Amino acid sequence: MDNLDSLFEKKEYELIVKLTELSSDPKDLFLRVSSLVALGKSDEVLDNIEKYQGVLEKKYPLQLMKLHFELLLSKKLFDEARLVLKHYENLPYVSQEVEEFMSDMHSRIVQEENPKGRKTYSLDEICDVLEKETEPSKISQVVFSLKDYNVNIYIDSLKIFLTRDDVHPNFRTYALILLVDYKYDEEIEFLSLKGMIKVNPKKLFPPFMSKQFNEVCRLIGEKANQNITLAETALHLFNCFIIDTYPIDIYQHSEDELAEAFIYIGKTYLNIEVSSNDENIKKIVNNIKYIIESTPDLKL
C-alpha cells in the first residue's frame, strides 16, 4: 500500500484522514491536518490543531503557525488569533525565522481586524456614545473602534464610561483593557464586580497574557481527556469569567483548582455526568457559576 506521502501527492485526502485517526506520529498528524485543509474542513482542522498542538509545534513549528493563523484570520477569529500568538510566543526559542514570523503576525492581525473601509467616528460622536449611549450595538461599535484613535482625545469621556452603571459590565471591562494595553499611567475609577475601585491601568497585568492564564488553559485541555467540545466549553467559560471579574485577582486559587472547576462546570453545561467528592472544588465551582450566571446576557 502507498505510504502517506504518496497518498497525499495523489490527493487521497479522505483516506489519509481515516488512516491517521489513531496515530501519534508528528508527520502523520501533520499530513492529517493538511488533508483536512485540502478538504475544506476548517473547523475540524482547528479541532485537530488544538488536540495535537503539543506534538505538532515541536516538530513543525513554523508550518503549524502559518496554517493556524491563516485559518483563524480567514474566519475572522481575531481574539483567538491574539491568544494563540501569545501561546506561541511563550514557547522556547526555535529560530530567527519563527521569531520574525510572530513579530509580523502582530501587525497582520491588527490590519485584518481593522480594514481601511471601517467606519470612522467624529470626536463628538465618540464622546456622546461613551457618556450617554445605552444601545448595546452602538456602544459596541464605538468601544471596539477606540484603538484606532489617540486615547488622549477621548480619555475624559472614557473615564465617565468606566463608571457608568447603565452599560453592560463587559463593555466597561473592554474599555479598561484598552487602557491597560495603552499603558495609561494615571489612577482612575472603575465600576467593577466589587463596586467602584481605583486602579492604575499601567500597573495592571493584561488578563490573557499571564503565565497563570496559559497554565489554566493547558490544564483544561489536559483534563478534558481529548474531549474537544468539553475543552472548548470550559475554555469559553474561563474567558467569560475573566472578563466578568477583571481586574480582580482570580488566581487566589491554584491553576489546577481553576482548571478542575471549569471542567466541572463545562460538564454540567454539556449534561455530562460529574463525580467529585472534593468540597473545595465544589465551593469554587459555585462561586464561579454565580458570577458567570449573574452577568446579564450581552445582546447586540
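Residues numbered from 1 in each chain as written. Predicted model: local features only at pLDDT ≥ 70, side-chain atom pairs only at ≥ 80, totals over all residues. Heavy atoms only, no water.

We now examine helix α6 (residues 78–89). Working note: α-helix, 3.6 residues per turn, so residues spaced by three or four point in the same direction. Taking 1.5 Å as the rise per residue, α6 with twelve residues should run 16 Å; its terminal C-alpha atoms sit 16 Å apart, in good agreement. Taken together, the buried positions of α6 are F78, A81, V84, L85, K86 and Y88. Contact partners of the buried residues in α6: α4 (42–59), α5 (61–74), α7 (96–113) and α12 (211–223). (Helix = DSSP H or I, 4+ residues; strand = E, 2+ residues; numbered from the N terminus. Expected span 1.5 Å × (residues − 1). Buried < 20%, exposed > 50% of the residue type's maximum accessible area, 1.4 Å probe, protein only. Contact = heavy atoms within 4.5 Å.)

Another aspect to go through is helix α13 (residues 228–245). With 18 residues, α13 extends 26 Å from end C-alpha to end C-alpha; this agrees with the ideal 26 Å at 1.5 Å per step. Taken across its 18 residues, α13 has 13 buried, putting it largely inside the fold. Its side-chain oxygen at 3.3 Å from the backbone nitrogen of T229, N227 defines the N-terminal cap of α13. (Polar contact = N/O pair within 3.5 Å; in protein donor to acceptor, adjacent residues only side chain to side chain.)

This paragraph deals with the packing of aromatic side chains. Considering all chains together, one arrives at nine aromatic pairs under this definition. Relative to Y174, the ring of F144 has its centre 5.1 Å away and its plane inclined at 50 degrees; by these criteria the two rings are tilted. Separated by 30 residues along the polypeptide, F144 in the loop between α9 (136–143) and α10 (155–161) and Y174 in helix α11 (residues 169–182) bring together distant segments of the chain. In this structure F144 comes out as partly exposed when scored by relative accessible area, which is 35%. Looking at Y174, the relative accessible area reads 29%, which means it is partly exposed. Taken together, the ring pairs connect F208, F213, F238, F241 and F262 into an aromatic cluster. (Phe/Tyr/Trp six-rings, centres within 6.5 Å; stacked < 30°, edge-to-face > 60°.)

Before going further, it helps to spend a moment on the pattern of salt bridges. Across all of its chains, the model carries 16 salt bridges by this definition. Where D5 meets K27, a salt bridge forms, and the shortest distance between an N and an O atom there is 2.7 Å. Taken together, the residues span a long stretch of sequence, with D5 in helix α1 (residues 4–9) and K27 in helix α3 (residues 26–38) at a distance of 22 residues. A relative accessible area of 31% places D5 in the partly exposed class. Close ionic contact of D256 with K223 constitutes a salt bridge, the shortest N to O distance being 3.0 Å. Highlighted residues: D256 in helix α14 (residues 255–269) and K223 in helix α12, separated in sequence by 33 residues. Taking the relative accessible area as the measure of exposure, D256 reaches 39% and is therefore partly exposed. Since its relative accessible area comes to 21%, K223 is described here as partly exposed. Residues joined in a network through salt bridges with shared partners are E70, R108 and E112. (Salt bridge = Lys/Arg side-chain N within 4 Å of Asp/Glu carboxyl O.)

Attention now goes to the packing of α14 against helix α15 (residues 279–294). Where α14 contacts α15, the two axes come as close as 9 Å, and the packing angle between them is 65 degrees. Crossing geometry of α14 relative to α15 is assigned as right-handed. Across the interface between the two elements, E257, L258, E260, A261, F262, Y264, I265, T268 and Y269 from α14 touch N280, I281, K282, I284, V285, I288, K289, I292 and E293 from α15. (Axes fitted to C-alpha atoms, helices over the stretch in contact; angles between N-to-C directions. Left-handed = near helix turned anticlockwise from the far one by under 90°.)

What follows is about the packing of α4 against α13. Contact geometry of α4 with α13 gives a least axis separation of 11 Å together with a crossing angle of 85 degrees. Comparing their axes, α13 and α4 come out roughly perpendicular. Along its contact with α4, which presents D47, E50 and K51, the element α13 presents I228, A231, E232 and L235. (Parallel < 35°, antiparallel > 145°, perpendicular 65-115°, else oblique.)

Relative to the elements of secondary structure, L83 occurs in helix α6. Non-local contacts of L83, meaning those with residues more than four positions away in its chain, are made with F208, F213 and N239.

Before going further, it helps to examine the side chain of R172. Structurally, R172 can be placed in helix α11. Here R172 is buried and forms no salt bridge, its nearest opposite-charge partner D165 lying at an N-O distance of 6.8 Å. Separated by 2.8 Å, the side chain of R172 and the backbone oxygen of R164 make a polar contact. In this view, R172 contacts F161, L162, R164, D165, V167, F190 and L191; residues no more than four positions away in its chain are not counted. (Lys, Arg positive; Asp, Glu negative; His and termini not counted.)

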